[in-house]
Amino acid sequence: MNAAVATSVFGAFMVLTVVLGLLAVRRKGTEKGRPAGLSEWSVGGRSLGTVFIWVLMAGESYTSFSYLGAAGWGYNSGAPVLYVLAYMSCGYALGYVVGPMLWAYARRHGLVGITDMIAHRYRAPWLGAAVALLATVCLLPYIQLQITGMGVVVSTISYGAISINWAYFLSFAVTTGFVVISGLRGSAWVSVLKDVLVIGTLGFLAVYVPLHYFDGYGPFLDRLVAEKPQWLTFPGHDSGGLGQLWFVTTTLVNSLTVVIFPTTVAGYLGARNAEALRRNALFLPFYNVLLFVPMLLGMAALFVVPGLTGADSNLALFKMVVDSLPAWAVGLVGVAAALSSIVPMAVFMLVIGTMWGRSVLGAIPRLNKGAAGAASGDGGGGTVGGRQKLWSQLVVVVAGALALLLTYTAPDTLVRLSLISYEGMAQLVPMLLLGLVWRRLTLHAAVSGLVAGFTLVCVLVFGGHDPVWGMNAGIVGLAVNVAVALAVTWLGPRAADGRPDAEVLALDDEFPRDGVPSRGDPVSPPASS
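Residues numbered from 1 in each chain as written. Predicted model: local features only at pLDDT ≥ 70, side-chain atom pairs only at ≥ 80, totals over all residues. Heavy atoms only, no water.

### Examining the nonpolar core
So, point 1. Judged by nonpolar contacts, the single largest core of 167 residues is most densely connected at Y67, L102, M117, I143, L428 and M431.
So, point 2. The element contributing the most residues to this core is helix α16 (residues 327–360), with 20 residues. (Core = buried A, V, L, I, M, F, W, Y, C linked by side-chain atoms within 4.5 Å. Buried < 20%, exposed > 50% of the residue type's maximum accessible area, 1.4 Å probe, protein only. Helix = DSSP H or I, 4+ residues; strand = E, 2+ residues; numbered from the N terminus.)

### Here we look at the packing of aromatic side chains
So, point 1. Applying the stated criterion to the full structure yields 17 aromatic pairs.
So, point 2. Look at W73 and Y83: their rings are 5.5 Å apart centre to centre, the planes differ by 45°, and that puts the pair in the tilted class. Of this pair, W73 sits in helix α5 (residues 69–76) while Y83 sits in helix α6 (residues 83–109), and the two are ten residues apart along the sequence.
So, point 3. On the basis of relative accessibility, which here comes to 27%, the residue W73 falls in the partly exposed class.
So, point 4. On the basis of relative accessibility, which here comes to 15%, the residue Y83 falls in the buried class. (Phe/Tyr/Trp six-rings, centres within 6.5 Å; stacked < 30°, edge-to-face > 60°.)

### A closer look at the packing of α5 against helix α14 (residues 292–304)
So, point 1. Direction vectors running N to C along α5 and α14 enclose 45°, while the axes themselves pass 7 Å from each other. The angle between the axes of α5 and α14 places the two elements in the oblique class. Between α5 and α14 the crossing geometry is right-handed. Residue-level contacts link A70, A71, G74 and Y75 of α5 to P294, M295, G298, M299, A301 and L302 of α14. (Axes fitted to C-alpha atoms, helices over the stretch in contact; angles between N-to-C directions. Parallel < 35°, antiparallel > 145°, perpendicular 65-115°, else oblique. Left-handed = near helix turned anticlockwise from the far one by under 90°. Contact = heavy atoms within 4.5 Å.)

### Concerning a nonpolar patch on the surface
So, point 1. Taken together, the side chains of Y96, V97, L282, F283 and F286 define a hydrophobic patch exposed on the protein surface, amounting to about 520 Å² of accessible area.
So, point 2. If you list the elements that add at least two residues to the nonpolar patch, you get α6 and α13 (274–288).
So, point 3. Considering every element that reaches the nonpolar patch, the biggest residue donor is α13, with three residues.
So, point 4. Locating Y96 in the fold gives a position in helix α6. (Patch = residues over 30% accessible without salt bridge, like charges linked within 9 Å, V, L, I, M, F, W, Y side chains within 5 Å. Areas by Shrake-Rupley, 256 points an atom, 1.4 Å probe, with all protein chains shown as cover. Salt bridge = Lys/Arg side-chain N within 4 Å of Asp/Glu carboxyl O.)

Laid out in structure tokens, this is it:
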């Protein structure tokens, strides 16, 4: 009976999720009266306001990790998990400046992602394709982790009635179908539902668990300080040496990386104007307060469900939920956690699809033969943008299926790749951000720095040297990356680029306070097409 009630609640909300996605697409299609092209599907037609951008970008940062991994880290190690709060807050502060800059640059040149921006900045479509491949390697693990996380949630809240393998497939099927149909706009609509449930369920659990198991926060915290003090100081309990230096360097490298992470940039480019992004950067840190709840409840689970080891520690929070709440409430908490997988997973899939549909498959002329019209990516079904949208949707299905297949057959493969996700993506920071504000950075320099930094990160991480000298390996790779890029810029060849600064750089006057670029409408076609 418990399984039937919980799964019924879950199923009803999954249907509601799909309906919201369909309504988002239908409403916009009715407004425009024409087929949606790549820009509408991938960046919401660049028309999302402050509220939708806020819930969408909060949805990307608040994933199933928040219910599972954050609680698991709190259960296993304690204090080091606070790095999540630190880097997100610092990243939002950086996003106040970086977000409007990237938004204005992309809008002016008709671009829909970081691969587009890099290809346009360096006049090298092949570089956009190479970055798409690198970014895919770094993003695929997140799809696999979200499939795994949602699968674990579904199996747990069904009291074992749904096997873990079927739960994985359900996660893949719902998310893939949802994102192919609805794109970024549908994800923004569903993020509203997700945030209502997340705020409601975590707010309830923050009060309920300490009262139910400890008679309040006072007795709980007194017991935690008395019996588990090593969980409250660096380097935490059994963390492998994640001390203060690791915390500082991880916060720095992750805060730099998160502002150029392809999923974050998709949120930037979906904004109606730059001012919406500035307001969003001010409001997003308030959402981080919710992350304290699973972290703290993970430590509470030390006393309620002791002895969890390995992957089971990620279920610390849900074991308390299933043990103490009625089935309908278990179902609601499960829905909130599942939507926390679906929304970011959808954006990860969408970004991979867009990168490949635009910068890889979309850049091959014979694959787009017969498509007429604008090449800016904003056109409808008969334009190049429409053809690129079809390729992007196909890649979404392929990427999701690959992640699902590896979840079944070789789960450790993508988990190991996830070790270099943030450290690897950090190596794109000089190529993108430095390149958009400093014209002297050459193609040879940017590529040399990227290769040097990414290679070093792989050697350190897969060689078991992360942290290295107590520091995050990503910051070491980034330092080498910048040093090599500067050296090659000053000592290497300088390719002639006769384009004006307005065509190459993201200039201050491209994004004034009203969010409208001062040099007119986006140009078409972009150089990367």
